[in-house]
Amino acid sequence: QVQLVESGGGLVQAGGSLRLSCAASGRTYAMGWFRQAPGKEREFVATIRGSGGNTYYADSVKGRFTISRDDAKNTVYLQMLSLKPEDTAVYYCAARPKVGPSTRPSDYDSWGQGTQVTVSS
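As a starting point, this report considers the structure included with it. (Residues numbered from 1 in each chain as written. Predicted model: local features only at pLDDT ≥ 70, side-chain atom pairs only at ≥ 80, totals over all residues. Heavy atoms only, no water.)

Here's the deal with the pattern of salt bridges
Logical step 1: Counted according to the given criterion, the structure contains six salt bridges.
Logical step 2: When the shortest N-O distance is used, the salt bridge between Glu43 and Arg35 registers 2.6 Å.
Logical step 3: Ionic pairing is found between Arg64 and Asp87, a salt bridge with its closest N-O pair at 2.8 Å. Residue Arg64 is found in the loop between strand E6 (55–57) and strand E7 (65–70), and its partner Asp87 is found in the loop between strand E8 (75–80) and strand E9 (89–95); the two are separated by 23 residues along the sequence.
Logical step 4: According to the relative accessible area criterion, Asp87 is buried, its value standing at 1%.
Logical step 5: One connected set of salt bridges, linked through shared partners, spans Arg35, Glu43, Arg64 and Asp87. (Salt bridge = Lys/Arg side-chain N within 4 Å of Asp/Glu carboxyl O. Helix = DSSP H or I, 4+ residues; strand = E, 2+ residues; numbered from the N terminus. Buried < 20%, exposed > 50% of the residue type's maximum accessible area, 1.4 Å probe, protein only.)

The following block contains the structure:
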């Protein structure tokens, strides 16, 4: 397992953008971003294969969010554009001990503490 620390959340108006960062304490393989809104279950947002390459997105964010990674910095990013009020949630990054990406939270064994994203209308 690795320690993960997210940053970059905040309050933004609808249509705005934010970039989330997730710094890991060591080498990571596949990484994912998930989010949880009040009263809702944690849901998949995006995932990226270990060492980059394949990426997958939830339909709700496809075309607006981009996941990327800088393995030299042990950091994963989530660029969020055209934000909507329904994107409001706590965003978590997660690491899994395998190269292949996954949309399932149960496939990840390390989680960050989360960062709040609030989009006002």
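Some details on the sheet that holds E7
Logical step 1: An order of E1-E3-E8-E7 is seen for the four strands of this open sheet, with the pairing classed as antiparallel. Each end of this open sheet is capped by a strand with a single partner; those strands are strand E1 (4–7) and E7. The average angle at which neighbouring strand axes cross in this sheet is 15°, direction not considered.
Logical step 2: The sheet contact formed by E7 and E8 spans six bridges and is antiparallel. (Pairing = 2+ DSSP bridges. Axes fitted to C-alpha atoms, helices over the stretch in contact; angles between N-to-C directions.)

Description of the pairing of E8
Logical step 1: The buried fraction of E8 is high, at five of six residues.
Logical step 2: Pairing of strand E3 (residues 18–24) with E8, which is carried by six bridges, proceeds in the antiparallel orientation. Bridging across to E8, Cys22 finds its partner in Val76.
Logical step 3: Linking E7 to E8, which pair antiparallel, is a turn of four residues; within it Asn74 sits at a positive phi near 50°.

Considerations on unusual backbone geometry
Working note: non-glycine residues mostly have negative phi, and peptide bonds are mostly trans.
Logical step 1: Phi at Asn74 is positive, roughly 50°, even though this residue is not glycine.
Logical step 2: Along the chain, the position of Asn74 falls in the loop between E7 and E8.
Logical step 3: We classify Asn74 as partly exposed; its relative accessible area is 25%.
Logical step 4: At Ser82, a position not held by glycine, the phi torsion is positive, near 50°.

Interpretation in functional terms is not warranted from these geometric data alone.
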